[in-house]
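# Examination of the molecular architecture
The primary structure of each chain is shown beneath.
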Amino acid sequence: MEKIIAGKNITVNEEGYLTDFSQWDEQVGEALAAEANIPLSARHWEILKYLQNEQKNQVALSIRRIGKSGVTDIKEFYQLFPNAPLKTATKIAGIPKPASCI
Amino acid sequence: MSENNGAIKKMMIILSKGTLENVYAAFVLANGARMEGIESEIFFTFFGLEAVHKKKLEHLHVATVGNPAMHMPTMLGGLPGMEALASSMMKKEMEKIDMPDVHEFLDILTASGVKLWACKLAMDMFHYKKEDLYEGVDAVITVGDFYKQSQGEGVHMLFV
């Protein structure tokens, strides 16, 4: 379905995840973060770029992998993206929700 | 179900078994809750304490006897070394699907904000001391403390 994010028409799935990453830009990221009540800092952006890069390389994302990323650790990840960090961060990054149990 | 549309706010998981499959079940459920933004806490009691005992947590096994789902004759499962073999095979499979070992899993749980409690009664029974336990264990508490900890709306309790 279509949703207006940061003044643009964006295609999202029923959970609000972008279905076409080419529609994502930093303003869209900012708007999605505002929806989740997360003001984005430079640290947030480092992690979002990391997630997008992993997605590009088709790496399956999990909390364990975040812990081993070298970009952040699990504790900080939960602090920066409270409440379901992996789900929230991937949504802001414009990439699919990871189907991971760990 | 009326309160908050039945939303789950916190999972209180009681782990009473020390076999690998039960420990992993409890850990995956606790971690999965945190990943969904749900609080979670684990109460380790009886053999479940082995999962947080420093010297034992690296040596947990799957049960090969009395476990029909292993599809192994009970007599065969009882042979020396069989449990260790089955356990090492299972651990290999788990690594393949990116499943951490018990120690690393405990690190992930504590970093994710999962509270870990050890049962006082079981500690006394096994003559364990707090310093025998994994350092991330929050405290040794009574069952009454655990119930107090479980108060609130949307709290669910699960026994493994």
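About the thresholds
- Residues numbered from 1 in each chain as written.
- Chains lettered and ligands numbered in written order.
- Predicted model: local features only at pLDDT ≥ 70, side-chain atom pairs only at ≥ 80, totals over all residues.
- Helix = DSSP H or I, 4+ residues; strand = E, 2+ residues; numbered from the N terminus.
- Rg over C-alpha atoms; globule rule 2.2 N^0.38 Å.
- Buried ≥ 20, exposed ≤ 12 C-beta atoms within 10 Å, placed from the backbone.
- Contact = placed C-beta atoms within 7 Å.
- Pairing = 2+ DSSP bridges.
- Axes fitted to C-alpha atoms, helices over the stretch in contact; angles between N-to-C directions.
- Nonpolar A, V, L, I, M, F, W, Y, C, P; charged D, E, K, R; others polar.
- Core = buried A, V, L, I, M, F, W, Y, C linked by C-beta atoms within 7 Å.
- Expected span 1.5 Å × (residues − 1).
- Arc of directions from axis to C-beta.

Looking now at the overall build of chain A. When its secondary structure is counted, chain A shows five helices and two strands. Going from N to C terminus, chain A has its helices and strands arranged as β-β-α-α-α-α-α. Relative to the globule expectation of 13 Å for 102 residues, the C-alpha radius of gyration of chain A, 13 Å, shows essentially globular dimensions. Reported as C-alpha extents along the three principal axes, the dimensions of chain A are approximately 35 × 25 × 20 Å. Buried residues in chain A amount to 30% of all 102 residues. Sequence-distant contacts, at least 24 apart, represent 55% of the contacts inside chain A between residues at least 6 apart.

This brings us to the environment of aspartate 25 of chain A. Take aspartate 25 of chain A: it is sitting in the loop between β2 (8-11) and α1 (26-35). In this structure aspartate 25 of chain A comes out as exposed when scored by C-beta crowding, with 12 C-beta atoms within 10 Å.

Once that is clear, we can look at the sheet that holds strand β4 (residues 139-141) of chain B. All names here are of chain B. In space, the five strands of this open sheet follow the order β4-β3-β2-β1-β5, with parallel pairing throughout. Every other strand in the sheet has two partners, leaving β4 and β5 (155-159) as the edge strands with one partner each. Averaged over neighbouring strand pairs, the angle between their axes works out to 25° when direction is ignored. Taken together, the three bridges between strand β3 (residues 115-119) and β4 define a ladder with parallel strand orientation. Bridge pairing links alanine 118 to valine 140 in β4.

Residue and element names in this part refer to chain A. Close contact between α1 and helix α5 (residues 85-93) brings their axes to 8 Å; oriented N to C, the two are set at 145°. Of α5, the residues touching α1 (which contributes Gly29, Leu32 and Ala33) are Lys91, Ile92 and Ala93. Grouping the amino acids of the contact of α1 with α5 by side-chain chemistry returns four nonpolar, one polar and one charged.

Glancing now at the interface of chain B and chain A. The interface is formed by 13 residues belonging to chain B together with 13 residues belonging to chain A. Where the side of chain B that touches chain A is concerned, the elements lending two or more residues are α1 (20-35) and α4 (102-111) of chain B. Per-element tally for the side of chain B that touches chain A: the top contributor is α1 of chain B, with four residues. In terms of residue class, the side of chain B that touches chain A is made up of six nonpolar, five polar and two charged.

A word on the nonpolar core. A general trend in soluble globular proteins is that nonpolar side chains are found buried together. Residue and element names in this part refer to chain B. Of all hydrophobic cores here, the largest spans 53 residues; its most connected members are Val23, Ala30, Ile42, Phe44 and Val52. The element contributing the most residues to this core is α1, with eight residues. Ignoring sequence-local partners within four residues, the contact set of phenylalanine 44 consists of Leu15, Leu49, Ala51, Val52, Trp117, Ala118 and Cys119.

Working note: α-helix, 3.6 residues per turn, so residues spaced by three or four point in the same direction. Residue and element names in this part refer to chain A. Between its first and last C-alpha atoms helix α2 (residues 42-56) spans 21 Å; for 15 residues at 1.5 Å apiece the expected length is 21 Å, and the two agree. Looking only at α2, the buried set comprises Ile47, Leu48, Leu51 and Glu54. An end-on view of α2 places all buried positions within 125° of arc, on one side of the element. Those residues of α2 that are exposed and angled more than 90 degrees off the buried face are Ala42 and Lys56. Against α1, α4 (74-80) and α5 lie the buried residues of α2. Immediately beyond the C-terminal end of α2, within one or two residues, lies glutamine 58, with a positive phi of roughly 55°.

Keep in mind these numbers describe shape, not what the thing actually does.
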